[in-house]
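# Observations on the model geometry
Residues per chain, in single letters:
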Amino acid sequence: MNAVADTAVFFAKFLYYFLESLVFKVIPKKKKDVAGEIVLITGAGSGLGRLLAMHFASHGAILVLWDINQEGNMETCRLAKEKGGVKVFTYKCDCSNRKEVYRVADQVREEVGDVTILINNAGVVTGKPFLDIPDHMVERSFLVNAISHFWTCKAFLPAMIKADHGHLVCVSSIAGLVGTNMLSDYSSSKFAAFGLAESLFFELTMLQKSKVKSTIVCPYFIKTGMFEGCETKYPFLLPLLDQEYVARKIFTAILEEQVFLLIPKFAYFALFLKQMISPKMMIALGEYLGIDTCMTSFRGRAKAELQAGTERKQQ
């Protein structure tokens, strides 16, 4: 009898939430106010992290900027203050170092207060065939892209749970949902980051019954320099994403407390197909989309900066 009752309740909830999701497709959710929220962004010294800082600054949030690049972080701080960010705090932090994360986290709590929105954005990419990836880069990819999320969440989540208020944001990747050639270390570390974020979402929602929110972001390649040289075969299906567009979509998803965000929308359809078709069909789809050649011209941020420096010297 319990099974019948449970099944009836399940279908009632399922139908209700299905209809609710349809309504929100037509009528946007009410956006929350982030003024006064303490927002910590890792990898804030450039790219997506910097642009997210600009959005939060213009909405009155208190910013805590972490980056291993102190010069870039200070530039983000300057730009954030120009956008209206009155309270902006910068910290040099190597997120791959557990002890350093905990030390700087203690400093943030003492000097700024309890973080209420944590954005795990810092990331690194190698972009080499599997057998060419140095062992230390495999370790660094996992430490920065995934394991650091354990340290930051452990540092700031307890206060969120205690206050029953907060928001965890994980910037993963489409490569964290679909294995990608020449990105074996990056892809697997992003799979790990996605798995942690989704597990925390379920744990906080189902076990803790907490009001702490989660947003998990999976974009395709972003034109931030990190994927410099990457190409796309059909931009109308899988475009190289403009970083301002991605930052705006992420910011909106946070304000609307959206749990999953895949960019572009075609990714939802491609992932659905992945679960339905055979491996050979999946390979055919990957070849059609140019997944097999997208990393052929990859240079990455470090190589691109080195090349630019060489060109300047020649001039």
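Throughout what follows, the structure given in this document is the object of discussion.

Reading the values: rules and limits
- Residues numbered from 1 in each chain as written.
- Predicted model: local features only at pLDDT ≥ 70, side-chain atom pairs only at ≥ 80, totals over all residues.
- Heavy atoms only, no water.
- Helix = DSSP H or I, 4+ residues; strand = E, 2+ residues; numbered from the N terminus.
- Rg over C-alpha atoms; globule rule 2.2 N^0.38 Å.
- Buried < 20%, exposed > 50% of the residue type's maximum accessible area, 1.4 Å probe, protein only.
- Contact = heavy atoms within 4.5 Å.
- Areas by Shrake-Rupley, 256 points an atom, 1.4 Å probe, with all protein chains shown as cover.
- Lys, Arg positive; Asp, Glu negative; His and termini not counted.
- Charge placed at Lys NZ, Arg CZ, Asp CG, Glu CD.
- Pairing = 2+ DSSP bridges.
- Axes fitted to C-alpha atoms, helices over the stretch in contact; angles between N-to-C directions.
- Patch = residues over 30% accessible without salt bridge, like charges linked within 9 Å, V, L, I, M, F, W, Y side chains within 5 Å.
- Salt bridge = Lys/Arg side-chain N within 4 Å of Asp/Glu carboxyl O.
- Core = buried A, V, L, I, M, F, W, Y, C linked by side-chain atoms within 4.5 Å.
- Parallel < 35°, antiparallel > 145°, perpendicular 65-115°, else oblique.
- Left-handed = near helix turned anticlockwise from the far one by under 90°.
- Nonpolar A, V, L, I, M, F, W, Y, C, P; charged D, E, K, R; others polar.
- Phe/Tyr/Trp six-rings, centres within 6.5 Å; stacked < 30°, edge-to-face > 60°.
- Lys NZ or Arg CZ within 6 Å of the ring centre and 35° of its normal.

Right, let's get into the overall build of the protein. Across its full length, the protein holds 10 helices and seven strands. The C-alpha radius of gyration computed for the protein amounts to 20 Å, which stays within 12% of the reference 20 Å derived for 315 residues, consistent with globular compactness. With respect to the principal axes defined by its C-alpha atoms, the protein has extents near 80 × 55 × 35 Å. Per-residue burial over the protein gives 46% buried out of 315 residues. Intrachain contacts of the protein at a sequence separation of at least 6 include 70% that bridge at least 24 residues. Working note: accessible area of the protein is about 16,900 Å², and carbon and sulfur atoms make up 60% of it. Between the mean site of the 36 positive side-chain charges and the mean site of the 31 negative ones, the protein shows a separation of 3 Å.

Further remarks concern the sheet that holds strand 7 (residues 260-263). The strand order across the open sheet built from seven strands is 3-2-1-4-5-6-7, with neighbouring strands paired in parallel fashion. Each edge of the open sheet carries a strand with a single partner, namely strand 3 (88-92) and strand 7. The sheet shows a mean angle of 15° between the axes of neighbouring strands, taken without regard to direction. The pairing of strand 2 (residues 62-67) with strand 3 spans five bridges and is parallel. Its bridge partner lying in strand 3, V64 is registered against F89.

Further remarks concern a nonpolar patch on the surface. Taken together, the side chains of L15, F18, L19 and L22 make up a nonpolar region of the molecular surface, amounting to roughly 370 Å² of accessible area. By the secondary structure assignment, F18 is in helix 1 (residues 2-26). Taking relative accessible area as the criterion, F18 reaches 44% and is therefore assigned partly exposed.

For the bond from I263 to P264, the omega torsion is 0°, close enough to zero to count as cis. Note that P264 resides in the loop between strand 7 and helix 8 (266-276). Within the chain, D164 stands out as a residue other than glycine whose phi angle is a positive 55°. Mapped onto the elements, D164 comes out in the loop between helix 5 (135-163) and strand 5 (167-171). Positive phi values are uncommon outside glycine, yet K209 reaches one of about 55°. Topologically, K209 is positioned in the loop between helix 6 (184-207) and strand 6 (213-219). What makes K209 exposed here is its relative accessible area of 63%.

A few words now on the nonpolar core. By size, the foremost hydrophobic cluster in this structure holds 61 residues, and its most contacted members are F56, L63, I119 and F227. Dropping the residues within four chain positions of it, F56 is found in contact with V34, V39, A61, L63, I117, I119, F251 and I254. Counting residues in hydrophobic clusters, the runner-up holds 26 residues, among them V112, C153, L168 and L200.

With that settled, consider the packing of helix 5 against helix 6. Here helix 5 crosses helix 6 at 15°, and the two axes come no closer than 8 Å. When the axes of helix 5 and helix 6 are compared, the pair comes out roughly parallel. Handedness of the helix 5/helix 6 crossing: right-handed. Residues M137, V138, S141, F142, N145, A146, H149, F150, C153, L157 and I161 of helix 5 lie in contact with helix 6, whose contacting residues are D185, Y186, S188, S189, K190, A192, A193, L196, L200 and L204. Taken together, the residues of the contact of helix 5 with helix 6 sort by class into 14 nonpolar, five polar and two charged.

For the rest of this paragraph, the subject is the pattern of salt bridges. Enumeration over the complete set of coordinates arrives at seven salt bridges. The shortest N-O distance in the salt bridge between E256 and K31 comes to 3.3 Å. Placement of E256 in the loop between helix 7 (243-255) and strand 7 and of K31 in the loop between helix 1 and strand 1 (38-42) is noted, with a sequence separation of 225 residues between them. A relative accessible area of 43% places K31 in the partly exposed class.

With that out of the way, let us pick up the packing of aromatic side chains. In this structure the tally under the stated criterion is 16 aromatic pairs. An angle of 20° between the planes, with centres 4.6 Å apart, marks the rings of Y220 and F221 as stacked. On the basis of relative accessible area, Y220 is assigned to the buried category, the value being 7%. Ring plane angle 55° and centroid distance 6.0 Å describe the contact between F266 and F269, whose orientation is recorded as tilted. Residue F266 and its partner F269 are both found in helix 8; the two are separated by three residues, about one turn of the helix. Among the aromatic residues, those joined into a ring-pair cluster are Y186, Y220, F221, F227 and F298. Lying across the ring of W151, R98 places its NZ or CZ 5.9 Å from the centre.

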